[in-house]
Amino acid sequence: MVGFKNRYMIMEVSVDPNKDISKDDPIILSQHNISKAIKDSILINFGECGLASSLGSLQVKYVNPITKVCIIRASREDHKKVLAAITMVRSVGNCPVVFNLLDLSGNIRACRSAALKCEELEFEKLKIVSGVPRTEDVNKHMQNLERIKMLEH
């Protein structure tokens, strides 16, 4: 029996600098919002048949709203279609965003180690930009790192 083959994409979600964003609408990144935006993009660009073929394996495994890093799982057969649809996503909710592929892995262990490295780099960037990090942000970051470490289980 052959196991189900997946691809794991580590994506960075960044605010589109070419678009104006209003200050009263905060950027809300959640697994549900990102998944809905990807599914809508697949439906628009590949139709109902494309959505149905990729829907069985498509899952947003992890989202960190602080560092804006997410992990998306897709089947090996459909990962190129899902990646193409992700590049065509222009907004999550009412916020204009751009997705950037950081890493593509074939198993969750390699994805987890790459995601930890990406999270550490993003967190270091945040510390430099904001100066000394607040203790609440540090606590949230550590909780999110624990969630990445638990992905394999």
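As a reminder, the structure under discussion sits directly above these lines.
Residues numbered from 1 in each chain as written. Predicted model: local features only at pLDDT ≥ 70, side-chain atom pairs only at ≥ 80, totals over all residues. Heavy atoms only, no water.

Colleague: For this particular structure, what's the right way to read the pattern of salt bridges?
Modeller: Close approach of charged atoms allows side chains of opposite charge to pair. For the coordinates displayed, the defined rule picks out 2 salt bridges. Taking the shortest distance from any N to any O, the salt bridge between D40 and K36 comes out at 3.1 Å. Of the two residues, D40 and K36 both sit in helix 1 (residues 31-55), 4 residues apart, roughly one turn of that helix. Relative accessible area serves as the criterion here: at 34%, D40 is assigned to the partly exposed category. Given the relative accessible area of 44%, K36 is considered partly exposed. (Salt bridge = Lys/Arg side-chain N within 4 Å of Asp/Glu carboxyl O. Helix = DSSP H or I, 4+ residues; strand = E, 2+ residues; numbered from the N terminus. Buried < 20%, exposed > 50% of the residue type's maximum accessible area, 1.4 Å probe, protein only.)

Colleague: Can you help me understand the packing of helix 1 against helix 2 (residues 79-87) in this one?
Modeller: When two helices pack together, their arrangement is given by the angle between the helix axes and the distance between those axes. Packing of helix 1 against helix 2 leaves a shortest axis separation of 8 Å and a crossing angle of 160 degrees. Considered as vectors, helix 1 and helix 2 are oriented roughly antiparallel to each other. Crossing hand, helix 1 versus helix 2: right-handed. Facing I38, S41, I42, F46, G50, S53 and S54 of helix 1, the residues of helix 2 in contact are K81, V82, A84, A85 and I86. For the contact of helix 1 with helix 2, the per-class residue count stands at 7 nonpolar, 4 polar and 1 charged. (Axes fitted to C-alpha atoms, helices over the stretch in contact; angles between N-to-C directions. Parallel < 35°, antiparallel > 145°, perpendicular 65-115°, else oblique. Left-handed = near helix turned anticlockwise from the far one by under 90°. Contact = heavy atoms within 4.5 Å. Nonpolar A, V, L, I, M, F, W, Y, C, P; charged D, E, K, R; others polar.)

Colleague: Before we go on, may I ask you to explain the sheet that holds strand 3 (residues 69-75) in this structure?
Modeller: Sheet strands associate in pairs through backbone hydrogen bonding, adopting either a parallel or an antiparallel arrangement. Spatially, the 5 strands line up as an open sheet ordered 2-3-1-5-4, and their pairing is antiparallel. Edge positions in the sheet fall to strand 2 (59-64) and strand 4 (91-92), since each has one partner strand and no second. The pairing of strand 2 with strand 3 spans 5 bridges and is antiparallel. If you follow V60 over to strand 3, its bridge partner there is I72. Each of strand 1 (6-15), strand 3 and strand 5 (95-105) touches helix 2; the most contacted strand, strand 1, lies at about 5 degrees to it. (Pairing = 2+ DSSP bridges.)

Colleague: It is not clear to me how the environment of P65 should be interpreted in this structure. Could you clarify?
Modeller: Within the fold, P65 resides in the loop between strand 2 and strand 3. Take P65: its relative accessible area is 43%, and that puts it in the partly exposed class. For the pair formed by P65 and V13, sequence separation is 52 residues and the distance between their alpha carbons is 9.2 Å.

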